[in-house]
Amino acid sequence: MTADKRGPRVHRMTLFKIPDETNQKRLLDAYHVVAEEQKKLASQKDGKPYILQLTAGKTMEDQKARGYTVASYIEFASMDDMRYYDNECLAHAMLKEIGPSLNLSEPPTILCFEKSNLAAAQDSS
């Protein structure tokens, strides 16, 4: 996938430490609402989806998870679209509202990046 005239795509990973499985499910249900609502709300922004891809799930039990129990990945069409999601998206506002009731062990870790073109090493033999 390539960037459009809105700018380079932005990828965002959010990691949560939520010990209770019921609260993990509540968060995943909230992400489902975000996915559905952003489709309806896209016309309020500029008529185009501002979330190109959204996936979330429980992490696999592994010591490398470092206590993170839920992860989400969102691909935005541009940095402006991510800012819209953070500051104006009603579905994301609903998601943030339930945060305090989830008994997070610590605030979520959020990582954002633009895609780099990584080429696989070519065998010269």
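Described below are features of the structure shown in this document.

## Topic: helix α2 (residues 79–87)
- Those residues of α2 not exposed but buried are D81, M82, Y84 and Y85. The buried residues of α2 all sit within an arc of 155 degrees when viewed along its axis, so they share a single face.
- Put simply, S78 is the residue that caps the front of α2, since its side-chain oxygen is 3.4 Å from the backbone nitrogen of D80.

## Remarks on the sheet that holds strand β3 (residues 70–76)
- Strand order in the open sheet made by the four strands is β2-β3-β1-β4, with antiparallel pairing throughout. Strand pairing shows two members of the sheet lacking a second neighbour, β2 (51–58) and β4 (109–114), which therefore form its edges. With direction set aside, neighbouring strand axes in the sheet form an average angle of 10 degrees.
- Summarising the sheet, strand β1 (residues 10–16) and β3 pair through seven bridges and their orientation is antiparallel. The residue bridging F16 from the neighbouring strand is V70, located in β3.

## Quick notes on the pattern of salt bridges
- Across all of its chains, the model carries seven salt bridges by this definition.
- Where E106 meets K17, a salt bridge forms, and the shortest distance between an N and an O atom there is 3.5 Å. Residue E106 is located in the loop between α3 (90–98) and β4, and its partner K17 is located in the loop between β1 and α1 (21–45); the two are separated by 89 residues in the primary sequence.
- A relative accessible area of 17% places K17 in the buried class.
- A salt bridge links E21 to K58; the shortest N-O distance between them is 3.4 Å.

## Side note on the environment of R12
- Among the structural elements, R12 can be located in strand β1.
- For R12 and M82, which are 70 residues apart along the polypeptide, the C-alpha to C-alpha distance reads 8.7 Å.
- When near neighbours in sequence (up to four residues on either side) are disregarded, R12 contacts S72, Y73, I74, F76, M82, Y85, D86, H92, I110, L111 and C112.

The rules behind the values
Residues numbered from 1 in each chain as written. Predicted model: local features only at pLDDT ≥ 70, side-chain atom pairs only at ≥ 80, totals over all residues. Heavy atoms only, no water. Buried < 20%, exposed > 50% of the residue type's maximum accessible area, 1.4 Å probe, protein only. Helix = DSSP H or I, 4+ residues; strand = E, 2+ residues; numbered from the N terminus. Arc of directions from axis to C-beta. Polar contact = N/O pair within 3.5 Å; in protein donor to acceptor, adjacent residues only side chain to side chain. Pairing = 2+ DSSP bridges. Axes fitted to C-alpha atoms, helices over the stretch in contact; angles between N-to-C directions. Salt bridge = Lys/Arg side-chain N within 4 Å of Asp/Glu carboxyl O. Contact = heavy atoms within 4.5 Å.

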